[in-house]
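Fold and geometry: a report
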Amino acid sequence: MNKVLIFSEQVFTVAALIIYSGGILTLILSGGMQENAFVEFDSSLIRIMYFLIYIVTIFLLALRWQKTLYFLSLDRWIFALILLSTVSLLWSFDPETTLKDSITMIGSSLFGLYLASRYTLKQQLELLGWTFGIIVVLSFIFAIALPKYGIMGGIHQGKWRGVFLHKNGLGARMVYSVLLFLILGYESKKYRLLMWVGLALSVLLMLLSASSSSLLNIAIIIFTFFLFQTVRLPYLVMLPALTMIITICELCYFGFINNADILFASIGKDATLTGRTELWPLVMEMIWKHPWLGYGYGGFWRGWDGEAAYIWRGSGWTPTHPHNGFLALWLDLGLLGLGLFFLGFWRSIVQGLYWVRISKTYADIYPIVHIAFLVISNLTETNLFFSNSLTWILYVSTSLSIAQKLDDPVKNHRLNYQSID
């Protein structure tokens, strides 16, 4: 019976991770909606699914309430930021949206807390491996057997989107998938070949999606994965190696700056990053009108009747986020929110690097690489502090997992036996 309960909980976890990835449900309920097409569809099923996940998560956390309280105490900055998003209801320009978004932020953050308190880092990686393995297989099925859903039309005719609404959604998730299967390929002994197959299929899906930003991101992520392994070298080797790597990176950066137009043109992009660099100055203008506390969580993008109208008129298009996670957080919660995030981020970076230094397994490199990916991906996209976002959930779980590993080992050993199972 105990094994059945454990298996059921693992099934719940994988199913929730798939839903948080943003795949399948939205695509199916929209009837295979294409880009720029306006299709009204009933999204109540998605809201119900999220609500059920919140309820089950709270129930499971309550069953292990001592471990839950312990993990809540490990990173005050994350939970202070979440509390601020709720309190921002007091000054929000759109209180109704702030209330709704802060509730979903609390619910999804609790799932990140659940992952960290229920599973070890290695177990989290294994469950994520199952999650992305299912996503990869279903993406091939959708594209081949159900092309109306799995392949895009319009200006992106023929590009694969798998189980996601847009090809860039598939590309972004495959960055995670490649990273996970890379680590599991090194970590696993019994299923190593299967992990390498998963990695190869993930790369293939990324190529079929033609998401150039994802290809660039995965190249950077793989580089950082091997870069952080140099931290484990003896000091006499590590310091010269890191100095050489930093020097090469600086040379590459200056080469990129001097040849940006040519490099972007070679991958079919323009130097404005599809209008992003023209959007950001307008966003900064609005930020400086309320720099300290922002417009309230989710309170800025209210359409033509709100403050976003200035940006829409100035940019000539109608974005619903600034295509930069840090600017989005600054808009919502001001410098106070941005400061709270960076305090927690800096703590996680330092703890992650220290843990990589004293540990030996490939799985222990995952948190610091994920945190690096969080920064990279949010330079051009907005998933830094976003409710029901897999990126934020995994940031919460990895930050708490690293904090727990570096906490009092005697306390950790005792708490491990207070689990319901």
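The following paragraphs examine the structure supplied in this document. Quantities reported herein were computed from a predicted structural model and do not represent experimental measurements.

What follows is about the overall build of the protein chain. The secondary structure content of the protein chain amounts to 19 helices and zero strands. Across the 421 residues in the protein chain, those meeting the buried criterion constitute 50%. A sequence separation of at least 24 residues applies to 75% of the contacts in the protein chain between residues at least 6 apart. Carbon and sulfur atoms make up 70% of the accessible area of the protein chain, which totals about 20300 Å².

Attention now goes to the nonpolar core. Among the nonpolar cores identified, the biggest contains 110 residues, and Tyr-20, Phe-111, Phe-341, Tyr-366, Phe-385 and Trp-392 are the most heavily contacted of them. Of all the elements, helix α16 (residues 325-358) adds the most residues to this core, at 13 residues. Setting aside residues no more than four positions away along its own chain, Phe-385 makes contact with Leu-81, Ile-82, Ser-85, Met-105, Tyr-297, Leu-329, Leu-333 and Trp-392.

What follows is about the side chain of Ser-109. Residue placement: Ser-109 occurs in helix α6 (residues 95-118). You can call Ser-109 buried: its relative accessible area is 2%. Within the structure, the side chain of Ser-109 is placed 2.9 Å from the side chain of Trp-392, a separation counted as a polar contact.

For the rest of this paragraph, the subject is the side chain of Thr-131. Note on placement: Thr-131 falls in helix α7 (residues 121-145). For Thr-131, a relative accessible area of 1% corresponds to the buried category. A distance of 2.9 Å separates the side chain of Thr-131 from the backbone oxygen of Leu-127, its partner in a polar contact. Filtering out sequence-adjacent residues up to four positions away, Thr-131 remains in contact with Val-14, Leu-17 and Ile-18.

We note that Ile-24 has phi near 75°; this positive angle belongs to a residue other than glycine. Assessed through its relative accessible area of 18%, Ile-24 is described here as buried. Within the chain, Ala-210 stands out as a residue other than glycine whose phi angle is a positive 55°. Tracing the backbone through its elements, the reader meets Ala-210 in the loop between α10 (192-209) and α11 (212-229). Classification of Ala-210 as partly exposed rests on a relative accessible area of 31%.

What follows is about the pattern of salt bridges. With the rule as written, the count across this model stands at four salt bridges. Residue Lys-100 pairs with Asp-101 through a salt bridge whose shortest N-O separation is 3.0 Å. Overall, Asp-101 belongs to the buried group, its relative accessible area being 16%. Close ionic contact of Arg-302 with Glu-307 constitutes a salt bridge, the shortest N to O distance being 3.0 Å. Overall, the relative accessible area of 34% leaves Arg-302 in the partly exposed class.

This next bit is on the packing of α16 against helix α18 (residues 390-405). Helix-helix packing is characterised by the crossing angle of the two axes and by the distance between the axes. Put simply, α16 and α18 touch, their axes get as near as 9 Å, and they point 55° apart. With respect to α18, the element α16 is oriented oblique. Two packed elements cross with a definite hand, and for α16 against α18 that hand is left-handed. In contact with Phe-341, Gly-344, Phe-345, Ser-348, Gln-351, Gly-352 and Trp-355 of α16, α18 contributes Trp-392, Tyr-395, Ser-399, Ile-402, Ala-403 and Lys-405. The class makeup of the residues in the contact of α16 with α18 is seven nonpolar, five polar and one charged.

A few words now on the packing of helix α17 (residues 366-377) against α18. Here α17 crosses α18 at 140°, and the two axes come no closer than 10 Å. Both α17 and α18 take part in a crossing whose hand is left-handed. Residues Tyr-366, Pro-367, His-370, Ile-371 and Leu-374 of α17 form the contact with α18, whose participating residues are Thr-391, Leu-394, Tyr-395, Thr-398 and Ile-402.

Tracing the chain through its elements places Val-203 in helix α10. Judged by relative accessible area, which is 32%, Val-203 ranks as partly exposed. Taking the C-alpha atoms as reference points, Val-203 and Ile-218, separated by 15 residues in sequence, lie 9.2 Å from one another.

Right, let's get into the environment of Gly-22. Note that Gly-22 resides in the loop between α1 (2-20) and α2 (25-29). With relative accessibility at 35%, the residue Gly-22 sits in the partly exposed group. Counting along the chain gives 147 residues from Gly-22 to Gly-169, while the straight-line C-alpha distance between them is 8.3 Å.

It is worth spelling out the packing of aromatic side chains at this point. Inspection of the entire model under this criterion finds 31 aromatic pairs. Considering the side-chain rings of Phe-142 and Tyr-149, the 6.4 Å spacing of their centres and the 75° angle between planes classify their relative orientation as edge-to-face. According to the relative accessible area criterion, Phe-142 is buried, its value standing at 10%. Between Trp-288 and Trp-330, the ring centres sit 5.4 Å apart and the planes meet at 75°, which makes this aromatic pair edge-to-face.

Along the polypeptide, Gly-299 turns up in the loop between α14 (276-287) and α15 (308-315). Residue classification places Gly-299 among the buried positions, given a relative accessible area of 0%. In this structure, the C-alpha to C-alpha distance between Gly-299 and Asp-332, residues 33 residues apart in sequence, is 6.7 Å. Once residues within four sequence positions are removed from consideration, Gly-299 is found in contact with Ser-92, Phe-93, Asp-94, Thr-98 and Asp-332.

Time to look at α14. End to end, α14 covers 16 Å across 12 residues, agreeing with the expected 16 Å (1.5 Å per residue, within 8%). Restricting attention to buried positions, one finds in α14 the residues Arg-276, Leu-279, Trp-280, Leu-282, Val-283, Met-286 and Ile-287. Contact partners of the buried residues in α14: α15 and α16.

Quick notes on the rules
- Residues numbered from 1 in each chain as written.
- Predicted model: local features only at pLDDT ≥ 70, side-chain atom pairs only at ≥ 80, totals over all residues.
- Heavy atoms only, no water.
- Helix = DSSP H or I, 4+ residues; strand = E, 2+ residues; numbered from the N terminus.
- Buried < 20%, exposed > 50% of the residue type's maximum accessible area, 1.4 Å probe, protein only.
- Contact = heavy atoms within 4.5 Å.
- Areas by Shrake-Rupley, 256 points an atom, 1.4 Å probe, with all protein chains shown as cover.
- Core = buried A, V, L, I, M, F, W, Y, C linked by side-chain atoms within 4.5 Å.
- Polar contact = N/O pair within 3.5 Å; in protein donor to acceptor, adjacent residues only side chain to side chain.
- Salt bridge = Lys/Arg side-chain N within 4 Å of Asp/Glu carboxyl O.
- Axes fitted to C-alpha atoms, helices over the stretch in contact; angles between N-to-C directions.
- Parallel < 35°, antiparallel > 145°, perpendicular 65-115°, else oblique.
- Left-handed = near helix turned anticlockwise from the far one by under 90°.
- Nonpolar A, V, L, I, M, F, W, Y, C, P; charged D, E, K, R; others polar.
- Phe/Tyr/Trp six-rings, centres within 6.5 Å; stacked < 30°, edge-to-face > 60°.
- Expected span 1.5 Å × (residues − 1).

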